[in-house]
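Observations on the model geometry
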Amino acid sequence: MKAFVLLAFVLVLSAGVGASDQFSWLRGDSRSESKVLSYLHQQNEKTLLYKKNIQTLSESLQQNWQDNRPDQAEKPWKEIGGFEYAILNQNGERTLLSRQVGSDDSTELLNLDTRSAEHDYYQLGGWALDSTKTKLAIAEDITGTEQFRVSVVDLKTQQVTLLAQNVDSSLAWSKDSKSLYLIPLEEHTSRPYALTKYFLNESKPIQLMEEPDSAWLLSYYLSSDKQFAVVQANSENSSEQRLLNLDNGEISKPLLPRKTGVEYYVDVSDSMLFANSNHDRNDFAFYSAPLTQAPHINLWRAVFEPTDESRISNFYLFESGAVVVSQSGASQSLNFLDKDNRYRSSQLLADTGQVAWVSQVGDYQSNKLHIRSMSLTQPAKWDRLNTDTLQRERFSQDHYPQYQQSAYQTEQVMVNSGGVTIPVTLAYRKDKLTKTTPVFLYGYGAYGMAMKPYFMPQIISLLDEGVIYAIAHVRGGGFYGESWYQAGKGIKKENAILDFIAVARDLTAYNLGKRPIYAMGGSAGGTLVAAALNQAPDLFDGAVLKAPFVDVVNSMSDSALPLTAQQYGEWGNPNIADELKLMQQYDPYLNLSEQNYPPILIQVGLNDRRVPYWEGAKYYAKLSELTTGSGPYLLSTNFTQGHSTDRRKSLAQQAFEYAFLLSLTLKDIKAEQ
């Protein structure tokens with residue numbers, strides 16, 4: 001969809017308390033309760049002892065990644081108004097650079113390493129230059145809470161002025177460069193709820209609009225016509241959009257009134273409105289209308305309607321015409337229209353055996369977009385596509401000097417799950433494949449998100465260690481589009497879990513082998529994996545759960561949570577008896593029982609506002625009390641991060657996760673011998 005607020009992963013919690021149980025004391029909203037912190041530190045000490053035992057293996061992985069760094073291909077720069085921008089490593093430091101299109105001479109706008117040096121956690125959430133290109137607005141998260149602070153850097157004097165705190169990362173300048181439009185977050189819930197104009201001259205901010213419904217989120221994005229931003233309120237399956245005039249700060253009335261199930265996403269260029277909308281049909285179509293007629297829905301003209309087998313997922317506007325992205329099954333296509341909205345042609349986004357996506361899009365005048373493609377065994381490459389001539393050419397490709405692609409094999413296998421065929425993407429090193437090669441199985445299965453088979457040196461190192469790496473494209477994800485998502489969400493969540501179990505069971509005998517299965521899942525993927533562990537613990541030989549959403553019924557029953565109502569469609573509504581019954585059947589925390597669980601590593605971030613630390617902590621405490629297995633069962637709490645790992649520490653953390661699972665495979669091999 002056109003730049004809408006993504007609900008995937010999100011579960012922001014307030015100070016309200018849901019259903020109480022034996023381990024509710026581990027919930028500490030202030031994140032400062034001494035009893036809770038003491039418990040988390042004690043578990044970290046236990047985890048640290050295990051980490052020391054596998055330190056050699058963990059360091060070996062990191063050294064392998066260090067030794068096999070690629071000759072990094074040139075990445076396309078983002079083109080805006082005749083200038084290009086990129087964040088690159090320059091002289092060993094990450095910097096935001098600017099240059100004129102066609103020039104090799106660049107200017108440093110911001111040194112990210114300098115900005116991050118004083119903080120244990122740092123993420124640059126967004127940046128925006130003003131119209132004079134003398135002031136740079138930056139949104140930074142220094143706590144891992146995804147509560148951003150916005151500062152303005154004077155590029156002439158390098159003076160940095162703090163403008164706002166506890167806001168969303170969206171940034172838009174007024175045309176006169178005297179103010180910024182920002183979205184504050186509610187103090188207790190972190191819900192993006194208002195559009196506010198902040199002035200550089202320290203005048204009191206002016207709130208332009210507020211979204212009062214706690215089930216709706218506010219966001220905005222810049223239109224192709226730089227005069228406007230599109231201000232959006234959205235719930236789980238509905239949206240409402242207005243146009244913000246960046247010249248005078250005026251906001252239009254809703255282009256269409258909000259209506260349950262109706263979504264529309266618009267853009268503006270050359271006094272024309274374009275929209276991807278489902279307002280008058282079961283699925284989306286691409287519309288256009290003169291901007292003056294935008295409020296009159298009967299005057300919107302459908303200019304591209306996909307066939308019954310395909311669905312529009314996004315669109316981009318250029319001087320050459322619109323580019324509409326559609327999906328049919330697992331295949332995506334680019335559909336090109338001319339300036340008069342007449343169909344020109346289509347082309348597949350990815351070659352057979354690859355995964356690809358539109359990764360870098362130039363502005364309206366550029367007529368350029370870049371496509372990134374790869375597979376589990378093919379290093380990433382960039383293609384540049386000229387939307388005017390429709391020529392697509394190789395731009396660059398990563399090269400790994402020591403990597404021989406021919407030594408590896410990737411394929412897609414199909415697994416039967418209750419009469420439904422589930423695709424699985426897997427890879428292995430050919431000379432390492434034996435009848436007992438273990439499988440590391442990754443799953444997510446939520447929010448309609450398709451887990452792409454990315455090429456990663458870290459995964460290649462697993463294949464080198466003698467592992468089959470597999471991704472289960474279960475229902476609830478987006479592998480086959482909207483219908484695949486709907487088949488595994490809400491009251492049908494059990495389908496995703498059964499799919500994952502079916503895939504794991506099938507892969508134990510992959511290629512006539514007898515293979516141990518190790519599961520990995522994060523956030524909503526943690527729900528999937530943990531639920532599968534409850535239903536078939538003997539099927540798995542180990543698991544890693546990262547920031548897992550495992551206390552589903554308790555969280556979804558808490559009316560104080562700002563996004564609870566918005567998430568009912570994804571997880572079920574506990575206020576409806578039949579849905580509550582289904583939720584109780586798959587809830588990972590509620591269904592922990594006295595049985596032989598495999599070894600499990602659980603990782604949480606203390607400052608996580610999406611899936612708070614106490615979900616994983618409660619799950620661990622209950623698991624430790626009930627399991628009849630010998631473990632190890634480990635809880636690792638990072639006290640300086642949130643839902644995402646600080647990029648400076650991400651490789652070390654990933655090495656620990658892989659080393660944990662690899663150490664279990666070594667134990668299994670010794671046991672068999």
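Residues numbered from 1 in each chain as written. Predicted model: local features only at pLDDT ≥ 70, side-chain atom pairs only at ≥ 80, totals over all residues. Heavy atoms only, no water.

Turning next to the overall build of the protein chain. Summing up its helical and strand segments, the protein chain has twelve helices and 35 strands in all. Against the 2.2 N^0.38 benchmark of 26 Å for 673 residues, the protein chain shows a C-alpha radius of gyration of 25 Å, consistent with a compact globule. Considering only C-alpha atoms, the protein chain reaches an extent of 75 × 55 × 55 Å along its principal axes. In the protein chain, which comprises 673 residues, the share counted as buried stands at 57%. (Helix = DSSP H or I, 4+ residues; strand = E, 2+ residues; numbered from the N terminus. Rg over C-alpha atoms; globule rule 2.2 N^0.38 Å. Buried < 20%, exposed > 50% of the residue type's maximum accessible area, 1.4 Å probe, protein only.)

Below, the discussion takes up the side chain of Gln595. Looking at the element boundaries, Gln595 is found in the loop between helix H10 (577–586) and strand E34 (600–605). Reaching out from Gln595, the side chain makes a polar contact with the backbone oxygen of Asn534 at a distance of 3.0 Å. Among all residues touching Gln595, those that are not within four sequence positions of it are Leu533, Asn534, Pro537, Leu626, Thr627, Thr628 and Gly629. (Polar contact = N/O pair within 3.5 Å; in protein donor to acceptor, adjacent residues only side chain to side chain. Contact = heavy atoms within 4.5 Å.)

This part covers the pattern of salt bridges. Under the defined criterion, the tally for this structure stands at 28 salt bridges. Note that Glu305 and Arg281 form a salt bridge whose closest N and O atoms lie 3.1 Å from each other. Of this pair, Glu305 sits in the loop between strand E19 (301–304) and strand E20 (311–318) while Arg281 sits in the loop between strand E17 (272–277) and strand E18 (285–290), and the two are 24 residues apart along the sequence. For Arg429, the salt bridge is made with Asp431, and the minimal N-O distance between the two is 2.7 Å. Using a relative accessible area of 56% as the deciding quantity, one classes Asp431 as exposed. When salt bridges with common partners are traced through the structure, they connect Glu211, Glu240, Arg242 and Arg258 into a single cluster. (Salt bridge = Lys/Arg side-chain N within 4 Å of Asp/Glu carboxyl O.)

Take the nonpolar core next. The biggest cluster of nonpolar side chains holds 107 residues, and the ones touching the most others in it are Leu441, Phe500, Leu507 and Tyr619. For Leu507, the residues in contact, after removing those within four places along its chain, are Val424, Leu426, Val439, Leu441, Ala470, Arg515 and Ile517. By size, the runner-up hydrophobic cluster in this structure holds 29 residues, among which are Val268, Ala275, Val303 and Ile312. (Core = buried A, V, L, I, M, F, W, Y, C linked by side-chain atoms within 4.5 Å.)

Turning to its location among the elements, Ser116 is positioned in helix H3 (residues 112–116). For Ser116, a relative accessible area of 7% gives the class buried. Engagement of the side chain of Ser116 in a polar contact is seen with the backbone oxygen of Asp113, the distance being 3.2 Å. Leave out the neighbours within four places in its chain, and Ser116 touches Tyr122 and Arg648.

In the sheet, strand E3 (residues 93–100) pairs with strand E4 (residues 107–111) via four bridges, with the strands oriented antiparallel. From the neighbouring strand, Thr95 faces E4, where its bridge partner is Asn111. Between E3 and the antiparallel strand that follows it, E4, lie six residues; Gly102 among them carries a positive phi value of about 95°. (Pairing = 2+ DSSP bridges.)

Bringing the sheet that holds strand E12 (residues 206–210) into the picture now. Taken together, the four strands give an open sheet; going across it, the order is E9-E10-E11-E12, and neighbouring strands pair in antiparallel fashion. Edge positions in the open sheet fall to strand E9 (172–173) and E12, since each of these has one partner strand only. Bridging between strand E11 (residues 194–199) and E12 involves four bridges; their strand directions are antiparallel. Its bridge partner lying in E12, Lys197 is registered against Ile206.

This part is about the sheet that holds strand E27 (residues 392–397). One open sheet accounts for four strands, arranged E24-E25-E26-E27; its pairing is antiparallel. Whereas interior strands pair on both sides, the edge strands pair on one side only; in this sheet they are strand E24 (355–361) and E27. Going from strand to strand, the sheet's axes swing by 30° on average, the running direction of each strand aside. Relative to strand E25 (residues 368–374), E24 runs antiparallel, the two sharing six bridges. Note on E25: the bridge partner recorded for Trp357 is Arg372. (Axes fitted to C-alpha atoms, helices over the stretch in contact; angles between N-to-C directions.)

Judged by how many residues are buried, strand E32 (residues 517–522) sits mostly within the fold: six of six residues are covered. Covered by surrounding structure in E32 are Ile517, Ala519 and Gly521 together with Tyr518, Met520 and Gly522, the residues of both alternating faces. Two strands pair when backbone bridges link them, and strand E30 (residues 439–443) and E32 are joined in this way by four bridges, in the parallel orientation. Its bridge partner being in E32, Val439 is matched across the sheet by Ile517. Where E32 lies against strand E33 (residues 542–546), five bridges are found, and the strand directions are parallel.

On to the packing of helix H1 (residues 34–53) against helix H11 (residues 613–626). Two numbers describe how H1 lies on H11: the axes approach to 12 Å, and their chain directions differ by 65°. By the angle between their directions, the pair H1 and H11 is classed as roughly perpendicular. Once H1 is placed against H11, the crossing between them reads as left-handed. For the pair H1 and H11, contact is made by Val36, Tyr39, Leu40, Gln43 and Lys46 and by Tyr613, Ala617, Tyr620 and Ala621, respectively. When its residues are assigned to classes, the contact of H1 with H11 shows seven nonpolar, one polar and one charged. (Parallel < 35°, antiparallel > 145°, perpendicular 65-115°, else oblique. Left-handed = near helix turned anticlockwise from the far one by under 90°. Nonpolar A, V, L, I, M, F, W, Y, C, P; charged D, E, K, R; others polar.)

We now examine the packing of aromatic side chains. Evaluation of the coordinates by the stated rule reveals 20 aromatic pairs. With a centroid separation of 6.3 Å and 90° between ring planes, the pair formed by Trp65 and Tyr658 is classed as edge-to-face. Here Trp65, found in helix H2 (residues 55–67), pairs with Tyr658, found in helix H12 (residues 650–672); they are 593 residues apart in sequence, far enough to count as distant. Three or more aromatic residues joined by ring pairs make a cluster, and in this case those are Tyr400, Tyr403, Tyr408 and Phe455. A cation sits over an aromatic face here: Lys51 above Phe656, 4.6 Å from the ring centre. One Lys or Arg, Lys493, reaches over the ring of Trp571 and ends 4.2 Å from the middle of that ring. (Phe/Tyr/Trp six-rings, centres within 6.5 Å; stacked < 30°, edge-to-face > 60°. Lys NZ or Arg CZ within 6 Å of the ring centre and 35° of its normal.)

This prediction gives the protein chain a mean pLDDT of 91; 95% of its residues lie at or above 70. Considering only residues more than four positions removed or in separate chains, one finds that residues 1–19, a stretch of pLDDT under 50, has 85 contacts. Residue range residues 669–673 is modelled with pLDDT below 50. Its contacts to residues more than four positions away, or to other chains, number one contact. (pLDDT = per-residue confidence, 0-100.)

This part is about the environment of His643. By the element assignment, His643 lies in the loop between strand E35 (633–638) and H12. Residues His643 and Val611, 32 residues apart in the sequence, show an inter-C-alpha distance of 7.0 Å.

A word on the environment of Tyr658. For Tyr658, a relative accessible area of 4% gives the class buried. Tyr658 sits 501 residues away from Thr157 along the chain, and the two C-alpha atoms are 46 Å apart. With residues up to four places along the chain from it excluded, the contact list for Tyr658 reads Leu61, Trp65, Gln458, Ile459, Leu462 and Met520.

The next subject is the packing of helix H6 (residues 493–507) against helix H7 (residues 524–535). Following both chains from N to C, one finds H6 and H7 inclined at 70°, their axes separated by 9 Å at the closest point. By the angle class used here, H6 and H7 are roughly perpendicular. Between H6 and H7 the crossing geometry is right-handed. Contacts between H6 and H7 involve Glu494, Ala496, Ile497, Leu498, Phe500 and Ile501 on the former and, on the latter, Leu528, Val529, Ala531, Ala532 and Gln535. Partitioning the contact of H6 with H7 into residue classes produces nine nonpolar, one polar and one charged.

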